[in-house]
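Survey of secondary and tertiary structure
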Amino acid sequence: MSWIEALILGLVQGFTEYLPVSSSGHVTIGATFFGINGEDNLAFTVAVHVATVLSTFVVLWSEISWILKGLFKFKMNDETRYALNILVSMIPVGIVGVFFKDYVEQAFGSGLLIVGLMLLVTAALLTFSYYAKPRQKESISLGDAFVIGLAQACAVMPGLSRSGSTIATGLLLGNKKELLAKFSFLMVIPPILGEALLSVLKTAKGEAVFGEIDILPLSVGFLAAFVSGCVACKWMINIVKKGKLVYFGIYCAIVGTALVLWNLFA
């Protein structure tokens with residue numbers, strides 16, 4: 001992998017991790033275009049995912065510090081309830097990630113056709129959530145957090161946007177826009193770190209795998225993902241507040257349709 005390819009893929013990962021257009025789908029498209037096998041570049045995959053997590057810490061540090069300070073009061077308060085919601089939301093994706101992720105990948109694969117089909121599903125979900133008008137709730141309940149977590153678990157499918165699925169599901173449940181984006185980005189921190197750790201542990205020769213990429217492209221990809229992640233995270237929070245997700249639905253529909261047609265007729 002060259003540093004130019006690492007720069008492009010890092011930018012793609014950082015921007016699309018937060019925008020509701022599927023980071024895994026776009027990274028698959030980029031890797032296919034460059035002829036890169038993601039399994040041969042585990043270090044790069046782990047690095048850009050960790051970079052996007054760090055960008056979440058930077059952008060949402062005030063919320064994270066608020067939760068941590070509340071937890072150390074060792075009593076039930078708003079901060080503790082918020083942390084419980086995040087914990088509950090992690091249950092579905094934790095189960096799927098540990099026990100079923102490999103089966104999902106074997107059954108459906110990760111090629112451009114499945115990416116295209118899942119982008120169409122993402123488009124439908126975003127569009128439906130835009131036009132639905134459920135009764136508004138004052139806060140995210142434990143039940144809602146679990147259902148949003150189920151949506152996140154379904155997003156192990158390449159092309160099905162994690163942020164799009166969780167935010168759209170929350171909107172359909174009647175949760176307020178200003179609460180959902182931040183909750184969606186905070187709840188994804190443990191699964192991303194856990195997925196990166198599992199990827200490393202599943203390789204019997206971790207050191208060899210990490211030695212397959214030079215330090216320059218690894219560093220460039222990390223920095224690109226971090227910076228673009230910071231920009232996309234801030235941007236997405238404002239977009240959700242304004243309720244403009246339908247435009248991303250249109251984008252996903254166009255790209256998804258193009259990928260499906262490419263696979264059928266190319």
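All figures in this text were calculated on a predicted structure; none of them were measured in a lab.

Scanning the chain for helices and strands turns up 13 helices and zero strands. Secondary structure elements of the chain, listed N to C terminal, follow the sequence α-α-α-α-α-α-α-α-α-α-α-α-α. With 266 residues in all, the chain has 49% of them scored as buried. Within the chain, contacts between residues at least 6 apart in sequence are counted, and of these 83% link residues at least 24 apart.

Attention now moves to the side chain of Thr52. Here Thr52 shows up in helix H3 (residues 42-59). Among the polar contacts listed, one links the side chain of Thr52 to the backbone oxygen of His49, at a separation of 2.6 Å. Filtering out sequence-adjacent residues up to four positions away, Thr52 remains in contact with Gln13, Gly14, Glu17, Tyr18, Ile192 and Ala225.

Glancing now at the environment of Leu119. With respect to the helices and strands, Leu119 occurs in helix H6 (residues 112-131). Taking the C-alpha atoms as reference points, Leu119 and Cys252, separated by 133 residues in sequence, lie 5.3 Å from one another. Contact partners of Leu119, with chain neighbours within four places excluded, come to Val21, Ser22, Gly159, Cys252, Val255, Gly256 and Leu259.

As a further point, take the side chain of Ser22. Inspection of the secondary structure assignment puts Ser22 in the loop between helix H1 (3-18) and helix H2 (23-34). At 3.0 Å, the side chain of Ser22 and the backbone nitrogen of Gly25 are in polar contact. A distance of 3.2 Å separates a polar atom in the side chain of Ser22 from the backbone nitrogen of Gly159. Discounting chain neighbours no more than four positions away, the residues touching Ser22 are Thr16, Leu119, Pro158, Gly159, Leu160 and Ser161.

Let us look at the pattern of salt bridges. One pass over the full model with this rule turns up five salt bridges. For Asp78, the salt bridge goes to Arg81, with nearest N and O atoms at 3.1 Å. On the criterion of helical spacing, the pair formed by Asp78 and Arg81 is a turn pair, its members being three residues apart in helix H5 (residues 78-108). We classify Arg81 as partly exposed; its relative accessible area is 41%.

Time to look at H1. The end-to-end C-alpha distance of H1, which contains 16 residues, comes to 23 Å, matching closely the 22 Å that a straight helix rising 1.5 Å per residue would cover. Regarding H1, the residues found buried are Glu5, Ala6, Leu9, Gly10, Gln13, Gly14, Thr16, Glu17 and Tyr18.

Packing of H6 against helix H13 (residues 245-265) brings their axes to within 7 Å, and their N-to-C directions diverge by 155°. Taken together, the axis directions place H6 and H13 in an arrangement best described as roughly antiparallel. Here the hand of the crossing between H6 and H13 comes out left-handed.

With that settled, consider the packing of aromatic side chains. All told, the structure shown has six aromatic pairs when counted by the stated rule. Ring geometry for Tyr18 versus Phe185: centroids 5.0 Å apart, planes at 85°, classification edge-to-face. Linking Tyr18 in helix H1 with Phe185 in helix H9 (residues 177-187), this pair joins segments that are 167 residues apart in sequence. Look at Tyr18 and you get buried, because its relative accessible area is 1%.

Quick look at the nonpolar core now. A general trend in soluble globular proteins is that nonpolar side chains are found buried together. Counting 47 residues, the largest nonpolar core has Phe183, Phe185, Leu186, Met236, Ile237, Leu245 and Phe248 as its most contacted members. Residues contacting Phe248, with those up to four places away along its chain left out, are Leu19, Pro20, Val21, Leu126 and Ile239.

This part is about a nonpolar patch on the surface. Together, Ile91, Ile95, Val98, Phe99, Phe100, Tyr103, Phe146, Val147 and Leu150 line one region of the surface with nonpolar side chains, adding up to about 850 Å² of accessible area. Mapped onto the nonpolar patch, the elements with two or more residues apiece are H5 and helix H7 (142-154). Among the elements that make up the nonpolar patch, the one with the highest residue count is H5 (six residues). With respect to the element layout, Ile91 can be found in helix H5. Judged by its relative accessible area of 41%, Ile91 is partly exposed.

What follows is about the packing of helix H8 (residues 162-172) against H9. The N-to-C vectors of H8 and H9 enclose an angle of 145°; their axes lie 9 Å apart at closest approach. For the pair H8 and H9, the sense of crossing is right-handed. Contacts from Ser163, Thr166, Ile167, Gly170 and Leu171 of H8 reach H9 at Lys177, Leu180, Ala181, Ser184, Phe185 and Met187. Of the residues contributing to the contact of H8 with H9, the split by class is six nonpolar, four polar and one charged.

Bringing the confidence of the model for the chain into the picture now. Looking at the chain as a whole, the pLDDT averages 84, with 88% of positions reaching at least 70. Considering each helix and strand of the chain separately, the mean pLDDT is smallest for helix H11 (residues 206-210), with a value of 48, and largest for H7, with 93.

Basis of the calculations
Residues numbered from 1 in each chain as written. Predicted model: local features only at pLDDT ≥ 70, side-chain atom pairs only at ≥ 80, totals over all residues. Heavy atoms only, no water. Helix = DSSP H or I, 4+ residues; strand = E, 2+ residues; numbered from the N terminus. Buried < 20%, exposed > 50% of the residue type's maximum accessible area, 1.4 Å probe, protein only. Contact = heavy atoms within 4.5 Å. Polar contact = N/O pair within 3.5 Å; in protein donor to acceptor, adjacent residues only side chain to side chain. Salt bridge = Lys/Arg side-chain N within 4 Å of Asp/Glu carboxyl O. Expected span 1.5 Å × (residues − 1). Axes fitted to C-alpha atoms, helices over the stretch in contact; angles between N-to-C directions. Parallel < 35°, antiparallel > 145°, perpendicular 65-115°, else oblique. Left-handed = near helix turned anticlockwise from the far one by under 90°. Phe/Tyr/Trp six-rings, centres within 6.5 Å; stacked < 30°, edge-to-face > 60°. Core = buried A, V, L, I, M, F, W, Y, C linked by side-chain atoms within 4.5 Å. Patch = residues over 30% accessible without salt bridge, like charges linked within 9 Å, V, L, I, M, F, W, Y side chains within 5 Å. Areas by Shrake-Rupley, 256 points an atom, 1.4 Å probe, with all protein chains shown as cover. Nonpolar A, V, L, I, M, F, W, Y, C, P; charged D, E, K, R; others polar. pLDDT = per-residue confidence, 0-100.

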